Amino acid sequence: MANQVTQYNPRELEACVASKMLEDKKSVFVGTGLPMIASMLAGRTHAPGLLIIFEAGGMGPQSPVLPISVGDSRTFYRAVAASSMHDAMSLTQAGYLDYGFLGAAQIDRYGNINTTIIGDWEKPKVRFPGSGGANDVGSLCQRTIIIMGQDKRRFVEKVDFITTPGYLDGPGARERAGLPEGSGPYRVITQLGVYGFDEETKMMKLLAVHPGVTIDEVRENSAFEIIIPDEVETTDPPTEEELRLLHEIDPTGMSIGK
Amino acid sequence: MDVLLEGEGELLGWHDPDENRKWILENKSRELCDKRMSVKEAVAKFVHDGDYIAFGGFGHIRVAMALVYEIVRQGKRNLAMAGKTAVHDVDVLIGGGCVNRIEVAYAFGHELRGLSPAGRRAVETGQCKVVAEISNAGYQWRFLAGMMGVPFVSSRNMLGTDTLKKSACKVVKDPWSGKPVCLIPAAYPDVAMFHVPRCDMYGNAQIDGILVEDFELARAARRVIITTEEIVDNEVIRAEPYRTSIPFFVADAVCEVPYGAHPTEMPYLYFFDEEHIGEWLQLSRTPEGTKEYFDKYVFGVKDFEEYLELVGGIRKFNYLKRVEQFREPMKAPWLKK
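Everything numeric in this text was worked out from a predicted model, so none of it was measured.

*Asks:* I'm lost on the overall build of chain B in this one. Help?
*Replies:* Per the secondary structure count, chain B includes 13 helices and 13 strands. The C-alpha atoms of chain B give 20 Å as radius of gyration, which agrees with the globular expectation for 337 residues (20 Å, within 12%). With the principal axes as the frame, chain B shows a C-alpha extent of 60 × 50 × 35 Å. Scored against the burial criterion, the 337 residues of chain B give a buried share of 56%.

*Asks:* Would you mind going over the sheet that holds strand β6 (residues 152-155) of chain B with me for this structure?
*Replies:* The pairing of strands in a sheet comes from backbone hydrogen bonds and takes either a parallel or an antiparallel form. Residue and element names in this part refer to chain B. Taken together, four strands build an open sheet; the order of strands is β1-β7-β8-β6 and the sheet is antiparallel. Each of the sheet's edge strands pairs with one partner strand only, and the pair in question is β1 (3-6) and β6. Across the sheet, the mean angle from the axis of one strand to that of its neighbour is 30°, orientation sign disregarded.

*Asks:* Just to check I follow, could you spell out the environment of L67(B) for this structure?
*Replies:* All names here are of chain B. Tracing the chain through its elements places L67 in helix α3 (residues 65-73). We classify L67 as buried; it has 29 C-beta atoms within 10 Å. As a C-alpha pair, L67 and F304 span 237 residues in sequence and 9.5 Å in three-dimensional space.

*Asks:* Please explain the interface of chain A and chain B as it appears in this structure.
*Replies:* Accessible area lost upon the coming together of the parts serves often as the stated size of an interface. Taken together, the contacts link 50 residues of chain A with 50 residues of chain B. Secondary structure elements with two or more residues in the side of chain A that touches chain B: α3 (85-94), β9 (124-127), α4 (134-140) and α5 (173-177) of chain A.

*Asks:* So what exactly am I meant to see when it comes to the pairing of strand β1 (residues 27-30) of chain A here?
*Replies:* Successive side chains on a regular strand alternate, one facing one side of the sheet and the next facing the other. All names here are of chain A. Residues S27 and F29 line one face of β1 and the alternating positions V28 and V30 line the opposite face, and both faces are buried. Where β1 lies against strand β2 (residues 51-53), three bridges are found, and the strand directions are parallel. Bridge assignment links V28 to a residue of β2, and that residue is I52. Once you follow β1 into helix α2 (residues 34-44) and on to β2, the crossover reads as right-handed.

*Asks:* What am I meant to see in the packing of α2(A) against helix α7 (residues 240-249) of chain A here?
*Replies:* The relative placement of two packed helices is expressed as an angle between their axes plus a distance between the axes. All names here are of chain A. Two elements in contact, α2 and α7, have axes whose closest approach is 10 Å; the angle formed by their N-to-C orientations is 120°. By the angle class used here, α2 and α7 are oblique. In this structure, α2 crosses over α7, and the sense of that crossing is right-handed. From α2, I37, M40, L41 and R44 reach across to α7, where they touch E242, L245, L246 and I249. For the contact of α2 with α7, a count of residues per class yields six nonpolar, no polar and two charged.

*Asks:* How should the confidence of the model for chain B be read in this particular structure?
*Replies:* Reading fine detail from the predicted coordinates is not recommended where pLDDT is low. Summary statistics for chain B give a mean pLDDT of 97 and a share of 99% for residues scoring 70 or more. The ipTM assigned to the predicted complex is 0.97, against a pTM of 0.97.

*Asks:* Help me out: how do you make sense of α2(A) in this one?
*Replies:* In an α-helix, one turn spans 3.6 residues; hence positions three or four apart end up facing the same way. All names here are of chain A. With 10 of its 11 residues buried, α2 lies for the most part within the structure. Here α2 has its buried residues at L34, P35, M36, I37, A38, S39, M40, L41, A42 and G43. In this fold, the buried residues of α2 make contact with α1 (10-21), β1, β2, β5 (99-103), β10 (143-147) and α7.

*Asks:* Please clarify how the environment of G95(B) should be interpreted in this entry.
*Replies:* Residues and elements named next belong to chain B. With respect to the helices, strands and loops of the structure, G95 is situated in helix α4 (residues 88-95). Taking the C-beta count within 10 Å as the criterion, G95 has 26 such neighbours and is therefore assigned buried. For the pair G95 and A221, spaced 126 residues apart in the sequence, the C-alpha separation amounts to 24 Å.

*Asks:* Looking at this structure, I do not really get the environment of P151(B). What am I missing?
*Replies:* All names here are of chain B. Within the secondary structure, P151 is located in the loop between α6 (136-148) and β6. Taking the C-beta count within 10 Å as the criterion, P151 has 15 such neighbours and is therefore assigned partly exposed. Note: C-alpha distance between P151 and P185 (34 residues apart in sequence) is 5.9 Å.

The rules behind each value
Residues numbered from 1 in each chain as written. Chains lettered and ligands numbered in written order. Predicted model: local features only at pLDDT ≥ 70, side-chain atom pairs only at ≥ 80, totals over all residues. Helix = DSSP H or I, 4+ residues; strand = E, 2+ residues; numbered from the N terminus. Rg over C-alpha atoms; globule rule 2.2 N^0.38 Å. Buried ≥ 20, exposed ≤ 12 C-beta atoms within 10 Å, placed from the backbone. Pairing = 2+ DSSP bridges. Axes fitted to C-alpha atoms, helices over the stretch in contact; angles between N-to-C directions. Contact = placed C-beta atoms within 7 Å. Right-handed = clockwise from strand over helix to strand, strands pointing away. Parallel < 35°, antiparallel > 145°, perpendicular 65-115°, else oblique. Left-handed = near helix turned anticlockwise from the far one by under 90°. Nonpolar A, V, L, I, M, F, W, Y, C, P; charged D, E, K, R; others polar. pLDDT = per-residue confidence, 0-100.

Next up, the structure:
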């Protein structure tokens, strides 16, 4: 592709790759940080009709810059509605949200996410903030996209705590638990590549590696076995225009870096 | 209905609906009366040791910070906090030694700024106990059930997760669909505290921008304290009654506190004071630093007005207004990292 650049940081690449997954004229429930910037980039490129919903009530904003929080005034700047959490969460539960977009501390092969604790719940070694809206996004959006760092401590055999549901313990488990039919994790984006979930087993499967990343690196940075298909694509590096837009959205570099 | 699973979390702030209804019938006045008082009086009168408390806004957006500081100043103890996106509010209250129990949807974090040193230290050393987990929608719906005066509402989130196992919710078989459904218990905080842009002396309060969960929380809580940028005439409320989010008959106290959300963001009026939040995050890394912060900003000033001068006065607030209105770029100490 023309105008692709060779100098970019991993966060810029992840944001660009993530933004391409979001479709025009669909809706996305957005968490703090990279999910916000990727969604805003999609809105300024291939998906001008992307409807962004924030959990605290901001709906369809047109903010010139990245919000700090999913509840600050940037999330309802030039929005179509400044509503409430009850409204945003109920709409999601009713089926109005096509995509959900999250970060994570730990993930397992079924896409179950931990953002609560490392260690034992009663006496945690590390305490993270907890669910926030993540469980609601992972439970109630139709397709959930997760952006996170990848290494053996984060791609784990068993998460210390299932904060947010992936496919739980395998095919049909979500529906048996009472979660909405056909919902679940859709993509995982890391500094190494892009993953989906095998249709039959619901286990994590490599779909694409980023430029210069090997399949061995993907394997070495996971404590569980990732399904590696015969054909693995390579993601497109950011274009000059995408990088320009990313830094226009995040002029201070708070999420994307300098 | 068959109970399929019971969460192990502690059930904070639940009452039998008849008991709460009786409490409301006996204790909540329907009289349109002057509820103005000082922050000091409001906290002394309505916040008691051991209470289950909640704050409106969104943890670091539109938080009634003058009340947060006053709770620290008056040395309230053993409070249980609704961790419904609790950010700067709960961090300061845990650091101040006031909150020792929390039900967590979101706490111990400062969103993009990173994790909260004071809150994390307290929970990792056992000084503050997490009594239950829940999600943001889950907490919101606890207040919805509370304001509806029903024992619970049903939902489809949290199912199949440890968040539910450590919550106070239950899973039952829905008698209509036959599918498992989550029952979220009502929550009636002893006192809920809000900061709003305008309110009359009776407690009719208007909020500009998103309501977050303030509509439901104000109606679920037994006592409601409102701090406001400005006390307006009742005629201002009546001219645009569709803007009223909190009506007077749920409000118990009204305190006029300009810039009362500082250092949190007040939509349309002033941005986060990142310099001040940064100072807190830096100092609260150690118990000594935390003490230094409170000595300077809470015990070292006689009231919130003196605090506002100390944090930078009119010059600072003009700057925060320009940032809020996109007329000046934001600066933050944590951006240098």
